[in-house]
Amino acid sequence: LWVDKKDYRWARVDAKLIDNVNFGWILVRISKGARVRMQRTVLDGKVWFPSRLWFTVSLRIGLIKGINMEQDTVYSEFRKTRAIEEDAH
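Here's what I pulled together on the structure shown here. (Residues numbered from 1 in each chain as written. Predicted model: local features only at pLDDT ≥ 70, side-chain atom pairs only at ≥ 80, totals over all residues. Heavy atoms only, no water.)

### Here's the deal with the overall build of the protein
Right, on to step 1. Secondary structure summary: the protein contains one helix and seven strands in total.
Right, on to step 2. Reading the protein from its N end, one meets helices and strands in the order β-β-β-β-β-β-β-α.
Right, on to step 3. Taken over the C-alpha trace, the protein has a radius of gyration of 18 Å; the compact-globule value for 89 residues is 12 Å, which it surpasses by more than 25%.
Right, on to step 4. If one aligns the C-alpha atoms of the protein with their principal axes, the spans along those axes are about 50 × 25 × 20 Å.
Right, on to step 5. The buried share of the protein, taken over its 89 residues, is 10%.
Right, on to step 6. A sequence separation of at least 24 residues applies to 30% of the contacts in the protein between residues at least 6 apart.
Right, on to step 7. Roughly 7,300 Å² of accessible area belongs to the protein as shown, and the carbon and sulfur atoms make up 54% of that amount.
Right, on to step 8. Side chains of the protein give 17 positive and 11 negative charges; the mean places of these two sets differ by 7 Å. (Helix = DSSP H or I, 4+ residues; strand = E, 2+ residues; numbered from the N terminus. Rg over C-alpha atoms; globule rule 2.2 N^0.38 Å. Buried < 20%, exposed > 50% of the residue type's maximum accessible area, 1.4 Å probe, protein only. Contact = heavy atoms within 4.5 Å. Areas by Shrake-Rupley, 256 points an atom, 1.4 Å probe, with all protein chains shown as cover. Lys, Arg positive; Asp, Glu negative; His and termini not counted. Charge placed at Lys NZ, Arg CZ, Asp CG, Glu CD.)

### Some thoughts on the pattern of salt bridges
When the charged atoms of two side chains with opposite charge come close together, those side chains can pair.
Right, on to step 1. Enumeration according to the criterion identifies four salt bridges in this entry.
Right, on to step 2. Between D14 and R12 there is a salt bridge whose closest N-O contact spans 3.8 Å.
Right, on to step 3. Of the residues examined, D14 reaches a relative accessible area of 26% and is grouped as partly exposed.
Right, on to step 4. A residue is classified by how much of its surface remains accessible, and R12, at 27% relative accessible area, is partly exposed.
Right, on to step 5. A salt bridge links D14 to R35; the shortest N-O distance between them is 3.0 Å. On the criterion of sequence distance, the pair formed by D14 in strand β2 (residues 10–16) and R35 in strand β5 (residues 35–43) is long-range, its members being 21 residues apart.
Right, on to step 6. Each of the salt bridges in this network shares a partner with another, and the network as a whole consists of R12, D14, R35 and R37. (Salt bridge = Lys/Arg side-chain N within 4 Å of Asp/Glu carboxyl O.)

### A closer look at a nonpolar patch on the surface
Right, on to step 1. Among the surface-exposed residues, W25, I26, L63 and I64 lie close enough to one another that they form a single nonpolar patch of about 570 Å² accessible area.
Right, on to step 2. When you line up the elements, I64 lands in the loop between β6 (47–61) and β7 (65–74). (Patch = residues over 30% accessible without salt bridge, like charges linked within 9 Å, V, L, I, M, F, W, Y side chains within 5 Å.)

### Comments concerning the side chain of S51
Right, on to step 1. Its location among the elements puts S51 in strand β6.
Right, on to step 2. Accessibility expressed as a relative area gives 17% for S51, which makes it buried.

Written as C-alpha coordinates, this is what we have:
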(Lines give C-alpha, C1' and ligand atoms only; values in the text may rest on other atoms or scores of the structure.)
Protein backbone atom coordinates (compact mmCIF):
# COMPACT_ATOMS: atom_id res chain seq x y z
CA LEU A 1 0.00 0.00 0.00
CA TRP A 2 1.42 3.35 -1.07
CA VAL A 3 0.14 6.44 0.75
CA ASP A 4 0.42 9.99 -0.59
CA LYS A 5 2.64 12.01 1.77
CA LYS A 6 0.72 15.23 1.27
CA ASP A 7 -2.91 14.04 1.51
CA TYR A 8 -2.40 10.83 3.52
CA ARG A 9 -4.65 8.98 1.07
CA TRP A 10 -3.85 5.70 -0.62
CA ALA A 11 -2.40 6.15 -4.08
CA ARG A 12 -1.60 2.53 -4.99
CA VAL A 13 -2.42 -0.96 -3.79
CA ASP A 14 -0.57 -4.08 -4.89
CA ALA A 15 -1.96 -7.31 -3.42
CA LYS A 16 -1.40 -11.02 -3.96
CA LEU A 17 -3.61 -13.84 -2.71
CA ILE A 18 -1.46 -16.17 -0.59
CA ASP A 19 -4.02 -18.96 -0.19
CA ASN A 20 -7.09 -20.27 -1.99
CA VAL A 21 -10.40 -18.54 -1.18
CA ASN A 22 -13.70 -20.39 -1.33
CA PHE A 23 -17.16 -18.84 -1.53
CA GLY A 24 -20.16 -21.03 -0.77
CA TRP A 25 -18.19 -24.22 -0.06
CA ILE A 26 -17.72 -25.36 -3.72
CA LEU A 27 -19.58 -22.57 -5.54
CA VAL A 28 -16.51 -20.42 -6.40
CA ARG A 29 -12.84 -21.01 -5.64
CA ILE A 30 -10.20 -18.35 -6.34
CA SER A 31 -6.74 -19.88 -6.57
CA LYS A 32 -3.78 -18.55 -4.64
CA GLY A 33 -1.50 -16.33 -6.69
CA ALA A 34 -4.28 -14.01 -7.89
CA ARG A 35 -3.02 -10.42 -8.02
CA VAL A 36 -4.54 -6.97 -8.15
CA ARG A 37 -3.03 -3.49 -8.61
CA MET A 38 -5.07 -0.34 -8.22
CA GLN A 39 -3.75 3.17 -8.72
CA ARG A 40 -5.35 6.54 -8.07
CA THR A 41 -4.35 10.04 -9.04
CA VAL A 42 -5.28 13.43 -7.66
CA LEU A 43 -6.54 16.12 -10.01
CA ASP A 44 -6.15 19.82 -9.27
CA GLY A 45 -4.82 18.85 -5.86
CA LYS A 46 -8.36 18.16 -4.66
CA VAL A 47 -10.14 15.07 -5.98
CA TRP A 48 -8.79 11.53 -6.17
CA PHE A 49 -9.75 9.42 -9.19
CA PRO A 50 -8.93 5.85 -10.21
CA SER A 51 -6.21 5.81 -12.85
CA ARG A 52 -5.57 2.11 -13.37
CA LEU A 53 -6.91 -1.29 -12.36
CA TRP A 54 -5.06 -4.47 -13.27
CA PHE A 55 -5.76 -7.98 -12.07
CA THR A 56 -5.03 -11.58 -12.91
CA VAL A 57 -7.07 -14.42 -11.45
CA SER A 58 -7.65 -18.12 -11.84
CA LEU A 59 -10.94 -19.40 -10.49
CA ARG A 60 -13.23 -22.39 -10.62
CA ILE A 61 -17.01 -22.17 -10.63
CA GLY A 62 -18.53 -25.25 -9.05
CA LEU A 63 -16.68 -28.35 -10.10
CA ILE A 64 -17.32 -27.64 -13.76
CA LYS A 65 -15.81 -24.47 -15.20
CA GLY A 66 -12.31 -23.02 -14.79
CA ILE A 67 -11.57 -19.43 -15.73
CA ASN A 68 -8.18 -17.73 -16.17
CA MET A 69 -8.46 -14.01 -16.65
CA GLU A 70 -6.20 -10.97 -16.84
CA GLN A 71 -7.53 -7.45 -17.30
CA ASP A 72 -5.90 -4.03 -17.42
CA THR A 73 -8.15 -0.96 -17.33
CA VAL A 74 -6.75 2.56 -17.67
CA TYR A 75 -8.94 5.53 -16.78
CA SER A 76 -8.38 8.93 -18.38
CA GLU A 77 -9.96 12.10 -19.73
CA PHE A 78 -11.61 13.12 -16.48
CA ARG A 79 -13.83 16.16 -16.70
CA LYS A 80 -15.07 18.44 -13.97
CA THR A 81 -18.73 18.61 -13.18
CA ARG A 82 -20.52 21.03 -10.94
CA ALA A 83 -20.97 18.38 -8.22
CA ILE A 84 -17.23 17.65 -8.11
CA GLU A 85 -16.33 21.34 -7.97
CA GLU A 86 -18.77 21.87 -5.06
CA ASP A 87 -17.50 18.81 -3.13
CA ALA A 88 -13.90 19.97 -3.44
CA HIS A 89 -14.60 23.21 -1.52
